[in-house]
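Residue-level structure breakdown
Below are the chains, spelled out letter by letter.
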Amino acid sequence: MSRNKRKSSKEYCDICKNYHDFVFPDDLFESITNHEVVLFAGAGISTEGSNIFPSTLYEDILNETKYSSDNVPSFSKVMSEFCKNKGGRRELIERITERINYVRSFPDLYRSTVKFHQLLGRIPCIEEIVTTNWDDFFESECHATPFVYEQDMVFWEKPGRKVLKLHGSINNLGSMVITSEDYDKRYQSINTGILGSQLKLLIATKRLVFFGYSFNDEDFNRLFSFVRSQLGDFMNKFYIVTLDKSNDDKWKDLGLEPIYTAGEYFLQVLIHKLQARGCLISDNIIDIVQAALDFTVRQHILLSSKIKMTNHPEVIFCLSYQDGLIHAFERFLHHVQYGESLCTSEILRTLKIHDKLLKEKQYHKKWYDVAYLNGYLNGYTFVIADEENLRALIPYYFDLSMREGFSTFKEYKKSLTITGRKRKSISEYASKFVKKFPDTDDIVVQHRPFL
């Protein structure tokens, strides 16, 4: 008696069914950790992915265009035909912008579209992206600086993530490369211009990984022909992350090592490997830091409402300390998509810089800043602590005169009544500081994020 095989939930999910397990190449992983990889991104990781719209832009325009050729026309030729005989270039650009704006108008659809970009944002060691996509998802989700025009290239060496937009940007409508005529002009300029020079340098010195392309993709064929023409027999082994298994032999003939899985799954596996190496901290910390931030803000409000500075001037140090904690947590959360927040080496660098600042402020007896820096340092120590009991040791209240932290408002309030162990010079500093402000009991002193 035969028994039907029960399908797993993964097979029923349109997204997860493409999450194929694979062996991560060691040489590729080392290149990534050494900041030696350039990511080439095609339409398959944007609005033209198979799980976004019911049909692609190409399919929609092709159905409206009476194309004379018997062969399957290229993307750019279909767009040229539309511009000549249907709605014109202006209408075509409006259709493209409407498509991107439609994705933005539905949060669930938008999350599906930018999942790849959001994952990439958490990987600080991939800083250089080349894309043929018009959308601004790398800019909005990865905080990449866009490079569209020749004059932009002057700033290529600036720190941070950057994206070279070969086909222009939705934010610069005149720059968009759409038709076959546009393609010809663009690739001519790539051969002779500054933008093309930077592209050639990346190709010659970095390892390339292609995402969102298929073998029949016009963008890929033009790009890869350009790559091969530049390197010839000196071409390194490059990779393509794709679901297109039908062209396995062709990928290998081109010198490309295929990795058959979804782009976002590849990045998920990469993130786990970077965490295992100790390069990244776990992204579970994000929710923990958000909860700690919310709690600190509540304690800050409680402290400022319950204790008056005229009665206890030293409360300014605790308020400043809490400002430091809050700013550390806020900056961490804001910079997650920049990649640096989860980067172990970047956090250690931040701690080192601010510890040096703390020593300088202590030497010059800038006690208000000293309290703030204690909070900022404790905020980032909280982030990098890998155990819950270590994070629990970070105090939410701080008595600078006693150099002692407290977990609760009640404990801190009690410390204000202690006089024997307090440093007189710090107490006097607080009294002078408070006298600067009129109507002291009606304001909350805030330490701004400047030192």
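Refer to the preceding data block for the structure.
Anyway, here's the lowdown on the structure attached to this text. Keep in mind it's a predicted model, so treat the numbers as computed, not measured. (Residues numbered from 1 in each chain as written. Predicted model: local features only at pLDDT ≥ 70, side-chain atom pairs only at ≥ 80, totals over all residues. Heavy atoms only, no water.)

Describing the pairing of strand E4 (residues 162–165)
What you see with E4 is no split at all: Lys162 and Leu164 on one side and Val163 and Lys165 on the other are buried throughout. As paired elements, strand E2 (residues 128–131) and E4 share 4 bridges and run parallel to each other. Counted as the bridge partner of Val130 is Leu164 from E4. Bridging between strand E3 (residues 145–147) and E4 involves 3 bridges; their strand directions are parallel. Of the residues in E4, the one forming a bridge with Phe147 is Leu164. (Buried < 20%, exposed > 50% of the residue type's maximum accessible area, 1.4 Å probe, protein only. Helix = DSSP H or I, 4+ residues; strand = E, 2+ residues; numbered from the N terminus. Pairing = 2+ DSSP bridges.)

A word on the pattern of salt bridges
Using the criterion set out here, one finds 24 salt bridges in the structure. Close ionic contact of Asp27 with Arg207 constitutes a salt bridge, the shortest N to O distance being 3.6 Å. You can see Asp27 sitting in helix H2 (residues 26–33) and its partner Arg207 sitting in strand E5 (residues 207–211), a full 180 residues away along the chain. In this structure Asp27 comes out as partly exposed when scored by relative accessible area, which is 29%. The class for Arg207 is buried, based on a relative accessible area of 17%. Its salt-bridge partner being Lys237, residue Asp27 comes within 3.8 Å of it at the nearest N-O pair. Taken together, the positions of Asp27 in helix H2 and Lys237 in the loop between helix H11 (218–231) and strand E6 (238–242) put the pair 210 residues apart, joining distant regions of the chain. Overall, the relative accessible area of 38% leaves Lys237 in the partly exposed class. Each of Asp27, Arg207 and Lys237 takes part in salt bridges that share partners, so that together they form one network. (Salt bridge = Lys/Arg side-chain N within 4 Å of Asp/Glu carboxyl O.)

Overview of the environment of Leu351
With respect to the helices, strands and loops of the structure, Leu351 is situated in helix H16 (residues 344–363). Sequence-wise, Leu351 and Thr381 are 30 residues apart; in three dimensions their C-alpha atoms are separated by 7.7 Å. If we skip the residues at most four places from it in the chain, Leu351 touches Leu377, Tyr380 and Thr381. (Contact = heavy atoms within 4.5 Å.)

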